[in-house]
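# Reading the structure
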Amino acid sequence: MPREEVRKTSKPELLQHGKKWKDLSGVLCDRRMPTGVKGKVYRTMVRPVLICGLEAWTLRRREEERLQRTEMRMIRWILGLTLRNRKRNDDIRRILGVACITIRYGKPG
């Protein structure tokens, strides 16, 4: 498959997580659910859909940034935080027990 075709199909694959997120939002956004359980559900059910196919193509900077923004938006939503809370991304990831998605699947080096 030519590289241009891979690039055209990567955006829908990146945004494919919406359906899985919608299915699990009742569990992930429930304030009565423990944070540890939310983190485990996110790591095992949502994140694999979000990173589906990333091993097959190289991320450009724009795609890497979109992936990070999408993940942080979802994590903030899970924890009930907004940008106005002014919490650092590293602190938020530590609370949920999730590493940065681009460290593992981003550019090498």
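Quick look at the structure, then. As the structure is a computational prediction, the values presented were derived from the model and not from experiment. (Residues numbered from 1 in each chain as written. Predicted model: local features only at pLDDT ≥ 70, side-chain atom pairs only at ≥ 80, totals over all residues. Heavy atoms only, no water.)

Looking now at the overall build of the chain. Looking only at helices and strands, one finds six helices and zero strands in the chain. Reading the secondary structure of the chain in the N-to-C direction produces α-α-α-α-α-α. Looking at the chain residue by residue over its 109 residues, the buried ones come to 34%. In the chain, of all internal contacts separated by at least 6 residues, the share reaching a separation of at least 24 is 62%. (Helix = DSSP H or I, 4+ residues; strand = E, 2+ residues; numbered from the N terminus. Buried < 20%, exposed > 50% of the residue type's maximum accessible area, 1.4 Å probe, protein only. Contact = heavy atoms within 4.5 Å.)

With 19 residues, helix α4 (residues 61-79) should cover 27 Å at 1.5 Å per step; its first-to-last C-alpha distance of 27 Å lies within 8% of that length. Residues of α4 that are buried include every one of Glu63, Glu64, Leu67, Thr70, Glu71, Met72, Met74, Ile75, Arg76 and Ile78, and no others. Looking one or two residues beyond α4, the residue adopting positive phi is glycine 80, at roughly 75°. (Expected span 1.5 Å × (residues − 1).)

Let us look at the packing of helix α3 (residues 35-50) against α4. Look at α3 against α4: their axes get within 11 Å of each other, and the N-to-C directions meet at 150°. By the angle class used here, α3 and α4 are roughly antiparallel. Read as a crossing pair, α3 and α4 show a hand that is right-handed. Between α3 and α4, the contacting residues are Thr35, Lys38, Tyr42, Val46, Arg47 and Leu50 on the first element and Leu67, Thr70, Glu71, Met74, Ile75, Ile78 and Leu79 on the second. Its residues assigned to classes, the contact of α3 with α4 comprises eight nonpolar, two polar and three charged. (Axes fitted to C-alpha atoms, helices over the stretch in contact; angles between N-to-C directions. Parallel < 35°, antiparallel > 145°, perpendicular 65-115°, else oblique. Left-handed = near helix turned anticlockwise from the far one by under 90°. Nonpolar A, V, L, I, M, F, W, Y, C, P; charged D, E, K, R; others polar.)

In this structure, Leu28, Tyr42, Val46, Leu54, Leu67 and Ile75 are the most contacted members of the largest nonpolar core, which totals 20 residues. For this core, the secondary structure elements donating two or more residues are α2 (17-28), α3, α4 and α5 (89-96). Here the element with the most residues in this core is α4; it accounts for five residues. Setting aside its immediate chain neighbours within four residues, isoleucine 75 contacts Tyr42, Ile92, Arg93, Leu96 and Val98. (Core = buried A, V, L, I, M, F, W, Y, C linked by side-chain atoms within 4.5 Å.)

Note: most residues except glycine have negative phi, and most peptide bonds are trans. A positive phi is found at arginine 86, a non-glycine position, where the angle reads about 55°. Here arginine 86 lies in the loop between α4 and α5. The class of arginine 86 is exposed, set by a relative accessible area of 75%.

Applying the stated criterion across every chain yields a total of five salt bridges. Notably, a salt bridge pairs aspartate 30 with arginine 32, separated by 3.4 Å at the nearest N-O pair. When salt bridges that share partners are traced, they join Arg88, Asp90 and Arg93 into one network. (Salt bridge = Lys/Arg side-chain N within 4 Å of Asp/Glu carboxyl O.)

If you trace the backbone, arginine 47 turns up in helix α3. At a separation of 2.5 Å, a polar atom in the side chain of arginine 47 contacts the main-chain carbonyl oxygen of alanine 99. Apart from residues lying up to four places away in sequence, arginine 47 is in contact with Tyr42, Glu71, Val98, Ala99, Cys100 and Ile101. (Polar contact = N/O pair within 3.5 Å; in protein donor to acceptor, adjacent residues only side chain to side chain.)

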